[in-house]
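# A closer look at the structure
Listed below are the residues making up each chain.
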Amino acid sequence: NRFRKALTGPLDVRIDDAVSYWIERSDGIRCSAAFERSNPALAVAHEAVMGGTQADDLVLVCALKDGERYEISRGDSLAELASRAAGIPTRPRRITSGPPYPLGTSRGSGCQRPRGR
């Protein structure tokens, strides 16, 4: 089905009003050319991570029409995006523990605790 294919196929990140995408090191030094789409920049990130660069040292950045620089992703999230852009399915995430309070009952959120507690 089309929805499943969209979720499992190669990923292309798109930001409204973005005119170019590139990869930077965490210290702000550019590691790639600027591209019109995110896929080539994500391919650079994927290649770097596969070559041994720590994901925490990379940032996916875009330039917006108004000239503003916008950080899209970094670290493990960027590595996962880069793998998806390369068409490599990412591992399903497992939740190892629940939230500290039952859902809808977190302190300070204005939510009411369930009755009987």
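This text follows the structure it describes.
Residues numbered from 1 in each chain as written. Predicted model: local features only at pLDDT ≥ 70, side-chain atom pairs only at ≥ 80, totals over all residues. Heavy atoms only, no water.

### Things to note about the pairing of strand 1 (residues 18–25)
Condition: Relative accessibility decides the category of a residue: with a 1.4 Å probe and only protein chains considered, values under 20% of the type maximum give buried, values over 50% give exposed, and everything between is partly exposed. Helix and strand assignments follow DSSP, with helices taken as H or I runs no shorter than four residues and strands as E runs no shorter than two, numbered in order from the N terminus. In this scheme, strands are said to pair when DSSP sees at least two bridges between them.
Among the 8 residues that make up strand 1, 6 are buried, leaving the element largely enclosed by the rest of the structure. Here strand 1 pairs with strand 2 (residues 58–64) via 7 bridges, running antiparallel. By the bridge assignment for strand 2, Ile 23 is matched with Leu 60.

### Some points on the sheet that holds strand 2
How we decide: Interaxial angle, 0 to 180 degrees, is taken between N-to-C directions of lines fitted to C-alpha atoms, where a helix line uses only the stretch in contact. Contacts are residue-level and defined by heavy atoms, with any inter-residue pair within 4.5 Å sufficient.
Pairing is antiparallel in the open sheet, where 3 strands are placed in the order 1-2-3. Either end of the sheet is taken by a strand with one partner, and the two such strands are strand 1 and strand 3 (69–74). Neighbour to neighbour, the strand axes of the sheet diverge by 25° on average, direction disregarded. Along the sheet face, helix 2 (residues 38–50) touches strand 1 and strand 2 and points at about 10° away from the line of strand 1. Against the sheet, helix 3 (residues 75–85) touches strand 1, strand 2 and strand 3, its axis set at about 85° to strand 3.

### A short note on the nonpolar core
Counted only if it meets this: Throughout this description, the term nonpolar core refers to a set of buried Ala, Val, Leu, Ile, Met, Phe, Trp, Tyr and Cys residues connected via side-chain atoms within 4.5 Å.
Counting 14 residues, the largest nonpolar core has Ile 23, Leu 42, Ala 45, Leu 60 and Leu 78 as the members making the most contacts within it. Counting residues per element, the ones that place at least two in this core are strand 1, helix 2, strand 2 and helix 3. In this structure Leu 60 touches Trp 22, Ile 23, Ala 41, Leu 42, Tyr 70, Glu 71, Ile 72, Ser 73 and Leu 78, once residues within four positions along its chain are discounted.

### Focus: helix 2
We count it as follows: In this scheme, a helix's expected span is set at 1.5 Å multiplied by one less than its residue total. By construction, the arc corresponds to the directions joining the helix axis to the C-beta atoms.
Between its terminal C-alpha atoms helix 2 stretches 18 Å, which fits the 18 Å expected from 13 residues at 1.5 Å a residue. For helix 2, the set of buried residues is Ser 38, Ala 41, Leu 42, Ala 45 and His 46. In a view along the axis of helix 2, the buried residues occupy a sector of 145°, so they form one face of it. Of the exposed residues in helix 2, the ones pointing more than 90 degrees away from its buried face are Glu 47 and Met 50. Looking at the buried side of helix 2, the elements it contacts are strand 1, strand 2 and helix 3. Just past helix 2, the residue Gly 52 takes up positive phi, approximately 110°.

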